[in-house]
Structures are given as C-alpha cells and as structure tokens.
Amino acid sequence: MAFRLIDLPYPSSALEPAVSAETLSYHHGKHHQAYLDKTNAAIEGTELDGKPLEAVVAAARGTQQGLFNNAAQSWNHGFYWHSLTPEATQPSGDLAQHIERSFGSLDALKRELKERGAGHFASGWVWLAEQNGTLTVEETHDGDTLADRGMNPLLVVDLWEHAYYLDYQNKRPAYLDAVIDERLNWDFAAENLARGSVWTYPA
C-alpha cells in the first residue's frame, strides 16, 4: 500500500502572508510528493511494504540512508503541515503549564525557537518536543526526524530553503518571525502532548 500525499489542513492561500500560496504549491505538491514517491518506490515488494511510515523510518535509520532520508522527510512534512494554522492560537491548559515550567514563558519559548532556527547551519528542522514531562527545543539536520528518537514531537518548523525562499529569499529570520509569531498551531501541540505518543502519518 503506497503512502499518499495528505491534503493540506487548510486552503493553500490560508497561511498568507507568512507563507504564500506559491510556496505551499511547490513545497507540498512537489517536494513532499517527491519524497513520498521515492519512499514508495524503495519499499515496494519488500517487508516494509504496508508498514506504517514511522516503522519504515525506524527500520531504515542507520541501514538504508536513501530510504531513511525520503521516509523521514515524508513524515516531517506531514507533521509540519499540521504544525501550522491560518488562525492565531495560544497555548492553554496543560500545554501552557508545561511551557511555563520548561521555558518560563511563551515569549521565552518563541525566542529560543527563533534563535535555534536562525542559527541552524544549512538545512534541517527546529522542534518543540516533550520527554519525561519536560519540553525542549531540538534541532535535526537535513532529513533527520524525531519520529523515532524516543521523544514526543509537539510542533516543527521547516528550515530548508524551499520552505521560505520564494517569500523571503535568504532572510530565514524573517520567515521564522512570521511563522512562529503568527502561524504555529498550539492546538495541535496540545493534542500531541495529551496523547503522549508520536503523531502517526495518516494511512
């Protein structure tokens, strides 16, 4: 069973001006689709065919680098689409309490996400994750992922140039400001925290 390109949870223009419809059309329709196509081709007819995407990522880590890169990127992108929202949200309840305990304030968390994202060398991802009741900001390089690393990812921001170059050129900090201040889906983060386990890529 082939993995499919999941629909965006919102219209392609819904994240403007932070992320343009043109960027989403390439990022979702071209880049994400290409990672899925390569993953599907690599697992067709193997023991991984029909397994959940998270299982493919875990099985390929350290053993099949090409498959790992494409499967992890497929998972990361699905998670990224859900980490963004057209409507401004704010952390509340248990998530807000975790943020207060781990970072001191939401503003402090946002600053760390921006600083880590802006300072990250080359391509990758910056994450908000939970482990053993504590929230942390994590970075992964290139196509690496937290999907199989023993943490519970809550949100992610894509740092690859194709996530922002059409809109911001080389000004990654401007992209981070717009997305982190205006478009992070704190409701999705709260759902991931409450579930207590890693988000599953839709079948």
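The structure presented is a predicted model; accordingly, all values stated were derived computationally and were not measured.

On to the packing of aromatic side chains. With the rule as written, the count across this model stands at 13 aromatic pairs. Look at Phe79 and Phe188: their rings are 5.1 Å apart centre to centre, the planes differ by 55°, and that puts the pair in the tilted class. Taken together, the residues Phe79 in helix α3 (residues 65-83) and Phe188 in helix α8 (residues 186-195) connect sequence positions 109 residues apart. Like Phe79, the residue Phe188 is buried in the burial classification. Summarising the aromatic geometry, the rings of Phe79 and Trp199 are spaced 5.6 Å apart at their centres and angled 65° between planes, so their arrangement reads as edge-to-face. Taken together, the residues Phe79 in helix α3 and Trp199 in the segment after α8 connect sequence positions 120 residues apart. Each member of the pair, Phe79 together with Trp199, is buried. A connected cluster of aromatic rings, assembled from ring pairs, spans Trp75, Phe79, Tyr80, Trp81, Trp125, Trp127, Phe188, Trp199 and Tyr201.

As a packed pair, helix α5 (residues 106-119) and helix α7 (residues 172-182) sit with axes 10 Å apart at the nearest point and diverge in direction by 150°. Of the possible angle classes, the one that applies to α5 and α7 is roughly antiparallel. The hand of the α5/α7 crossing is right-handed. Judged by residue contacts, Lys110, Leu113, Lys114, Gly117 and Ala118 of α5 engage Arg172, Pro173, Leu176, Asp177, Ile180 and Asp181 from α7. Of the residues that constitute the contact of α5 with α7, the class distribution is five nonpolar, one polar and five charged.

With that settled, the discussion passes to unusual backbone geometry. The omega angle of the peptide bond from Glu16 to Pro17 is 5°, so this bond is cis rather than trans. Summarising the element assignment, Pro17 is placed in the segment before α1 (21-43). Backbone geometry places Gln169, a non-glycine residue, at a positive phi of 50°. Take Gln169: it is sitting in the loop between α6 (165-168) and α7. When its relative accessible area of 40% is taken as the criterion, Gln169 is described as partly exposed.

The rules behind each value
Residues numbered from 1 in each chain as written. Predicted model: local features only at pLDDT ≥ 70, side-chain atom pairs only at ≥ 80, totals over all residues. Heavy atoms only, no water. Phe/Tyr/Trp six-rings, centres within 6.5 Å; stacked < 30°, edge-to-face > 60°. Helix = DSSP H or I, 4+ residues; strand = E, 2+ residues; numbered from the N terminus. Buried < 20%, exposed > 50% of the residue type's maximum accessible area, 1.4 Å probe, protein only. Axes fitted to C-alpha atoms, helices over the stretch in contact; angles between N-to-C directions. Parallel < 35°, antiparallel > 145°, perpendicular 65-115°, else oblique. Left-handed = near helix turned anticlockwise from the far one by under 90°. Contact = heavy atoms within 4.5 Å. Nonpolar A, V, L, I, M, F, W, Y, C, P; charged D, E, K, R; others polar.

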